[in-house]
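# Architecture at a glance
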Amino acid sequence: MNYFKSLFSVCAVLALFSCSQQQRPETNVLDESLTFADQQFSNAMQITSDPNKIPRTLDKNRDLTTVGIYNWTSGFFAGNLWYMYKLTGEEKWKNEAVRWTEALDTIQYWSGNHDVGFMIGDSYGLGIRFDNRKQYEPVMVQTAESLCKRFNETTQCLESWNYRKAWDGKTEWFFPVIIDNMMNLELLFEASKISGNQRYYDVAVTHANTTMKNHYRPDYSCYHVVDYDEKTGEVKDKATCQGFTDESSWARGQAWGLYGYVLCYRYTKDAKYLDFAEKIASFILDNPRLPKDLVPYWDYNANMDGWNPEWKYNKADYPVIPRDASAAAITSSALFELATYVTDKGYREKATDMLMSLANNYKADPANNKYFILDHSVGSLPHSAEIDVPLVYADYYFLEAIDRYRNM
Ligand code: GLY
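These lines cover the structure that appears in this document, whether it is placed above or below. All values reported here derive from a predicted model rather than from experimental measurement.

On to the overall build of the chain. A count of helical and extended segments in the chain gives 13 helices and 11 strands. Taken over C-alpha atoms, the radius of gyration comes to 22 Å for the chain, in line with the 22 Å a tight globule of 408 residues would show. With respect to the principal axes defined by its C-alpha atoms, the chain has extents near 80 × 55 × 45 Å. The buried share among the 408 residues of the chain stands at 58%. Of the roughly 16,800 Å² of accessible surface on the chain, 50% is carried by carbon and sulfur atoms.

What follows is the structure, given as structure tokens:
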């Protein structure tokens, strides 16, 4: 009997030991990423201490590029600082997060595009979540008011951009709605919770339903842009702005959609959103074009032969199809949340593998990138803009994914 008892104890100790051996590398790698982030973000703030000049990416000389508060990415740097505070507990990050957040104050009144959800939700929104800043709640509500001005009863959705032309400078869009817009719904749901105003919730749900109907193809991939006739609600165009072709699947767009429907389930508990999110997840995870390291090419359908001669960049500069680390970071974070609702389909493992792949192989090389955690993302290839560079929002979703990993 004693023999079996001892054997059992030895086995239990061995099992625990092997478990901690498996756990340790992941935890170590992610801890190292945070130490690295501390160094990189501190470097960035030495270049720009003015929160009206917000880090976004690097230019061709690998110098820091900043944007003003009206740029769609203006909230992410503050968000990164909030995540550093959450993940390290260090007060210095909170102080900086507050400073970079509050510089965005006037955005709450702005209804010039749909991106206010990113801008305010990822800055003020995190201040509420991580530091219980009740004084930020009215900002979320005012931003929801501004965003709802872009809702159209006839089209049954929120207009993303004002009238504009496509990347080719020819195709005209009058009421363009992009898949990215699903991300702004989080702010509407939060503002509805804060204020009790049902309209924000209803607008979010209506937009999600319209997008489900018009943006998605039978294989659960999505178009980037759907243009509507605002007088009749009719769909006039289905196209791309930042992807390979109109019919292709731009990787970040698939990630925005996945994240968007997971968050719709979070707030509504309507099973149709969960089911839809799982179908999008299958499109991504079962896609034969998803590389083994789980970091997608910038577009799932991209191929060198199909390179469009009208794109304004030198093909010789990019002899291989670029990856998009930002798409992987968004997807990993979304899968971590999906794994909390569906526990038995391996979403958590995939999310972890994706996160580890980013942490191990897509980290910035400080010799030529001193300000960001990750490298190798794509802004917009058809515009020849931000190809194979760091992007502030890739870091944001990477940090969010680390936080979600830790919470699992
Ligand atoms: N929302 C713009 C982008 O994903 O590039």
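Let us now look at the site of the ligand. Looking at the ligand, the residues that line it are W72, D180, Q242, W250, R252, W256 and Y393. Between D180 and the ligand, the recorded distance is 2.6 Å, taken from a side-chain N or O atom to a nitrogen atom. Here an oxygen atom of the ligand sits 3.0 Å away from a polar atom, N or O, in the side chain of W256. By residue class, the composition of the shell around the ligand is four nonpolar, one polar and two charged.

On to the packing of helix α7 (residues 185–195) against helix α9 (residues 251–268). With their axes 9 Å apart at the nearest point, α7 and α9 run at an angle of 15° to one another. Put simply, α7 runs roughly parallel to α9. For α7 against α9, the interelement crossing comes out left-handed. Between α7 and α9, the contacting residues are L185, E186, F189, E190 and K193 on the first element and Y259, L263, C264, R266, Y267 and T268 on the second. For the contact of α7 with α9, the class distribution of residues is six nonpolar, one polar and four charged.

Taking 1.5 Å per residue as the helical rise, helix α10 (residues 271–285) with its 15 residues ought to reach 21 Å, and the 21 Å between its terminal C-alpha atoms agrees with that figure. Listed in full, the buried residues belonging to α10 are Y273, L274, F276, A277, E278, I280, A281, F283, I284 and L285. Residues of α10 that are buried sit in contact with α8 (198–214), α9, α11 (325–341) and α12 (347–361). The backbone nitrogen of K272 has a side-chain oxygen 2.9 Å away, supplied by the residue at the start of α10, namely D270.

Taken together, the three strands give an open sheet; going across it, the order is β7-β8-β9, and neighbouring strands pair in antiparallel fashion. Taken across any chain shown, the strands that pair with only one partner, and hence form the sheet edges, are β7 (176–178) and β9 (235–239). Averaged over neighbouring strand pairs, the angle between their axes works out to 20° when direction is ignored. Where strand β8 (residues 225–228) meets β9, four bridges bridge the pair, whose relative direction is antiparallel. Pairing of D227 across the sheet is with D237, part of β9.

Here the focus is the nonpolar core. Counting 133 residues, the largest nonpolar core has L185, L188, Y261, W298 and Y397 as the members making the most contacts within it. No other element matches α9, which puts 11 residues into this core. With near-sequence residues (within four places) excluded, L188 lies in contact with A144, L147, C148, L158, Y200, Y201, V203 and A204. Membership of the second largest hydrophobic core comes to seven residues, among which are W161, A166, W173 and V225.

Next up on the list: the pattern of salt bridges. Tallied over the entire structure, the rule returns 24 salt bridges. Residues E247 and R217 are paired through a salt bridge, measuring 3.7 Å at the closest nitrogen-oxygen approach. Taken together, the residues E247 in the loop between β9 and α9 and R217 in the loop between α8 and β8 connect sequence positions 30 residues apart. Assessed through its relative accessible area of 11%, R217 is described here as buried. Between K345 and E278 there is a salt bridge, with the nearest N and O atoms lying 2.9 Å from each other. On the criterion of sequence distance, the pair formed by K345 in the loop between α11 and α12 and E278 in helix α10 is long-range, its members being 67 residues apart. Judged by relative accessible area, which is 14%, E278 ranks as buried.

How each quantity is defined
- Residues numbered from 1 in each chain as written.
- Predicted model: local features only at pLDDT ≥ 70, side-chain atom pairs only at ≥ 80, totals over all residues.
- Heavy atoms only, no water.
- Helix = DSSP H or I, 4+ residues; strand = E, 2+ residues; numbered from the N terminus.
- Rg over C-alpha atoms; globule rule 2.2 N^0.38 Å.
- Buried < 20%, exposed > 50% of the residue type's maximum accessible area, 1.4 Å probe, protein only.
- Areas by Shrake-Rupley, 256 points an atom, 1.4 Å probe, with all protein chains shown as cover.
- Near = heavy atom within 4 Å.
- Polar contact = N/O pair within 3.5 Å; in protein donor to acceptor, adjacent residues only side chain to side chain.
- Nonpolar A, V, L, I, M, F, W, Y, C, P; charged D, E, K, R; others polar.
- Axes fitted to C-alpha atoms, helices over the stretch in contact; angles between N-to-C directions.
- Parallel < 35°, antiparallel > 145°, perpendicular 65-115°, else oblique.
- Left-handed = near helix turned anticlockwise from the far one by under 90°.
- Contact = heavy atoms within 4.5 Å.
- Expected span 1.5 Å × (residues − 1).
- Pairing = 2+ DSSP bridges.
- Core = buried A, V, L, I, M, F, W, Y, C linked by side-chain atoms within 4.5 Å.
- Salt bridge = Lys/Arg side-chain N within 4 Å of Asp/Glu carboxyl O.

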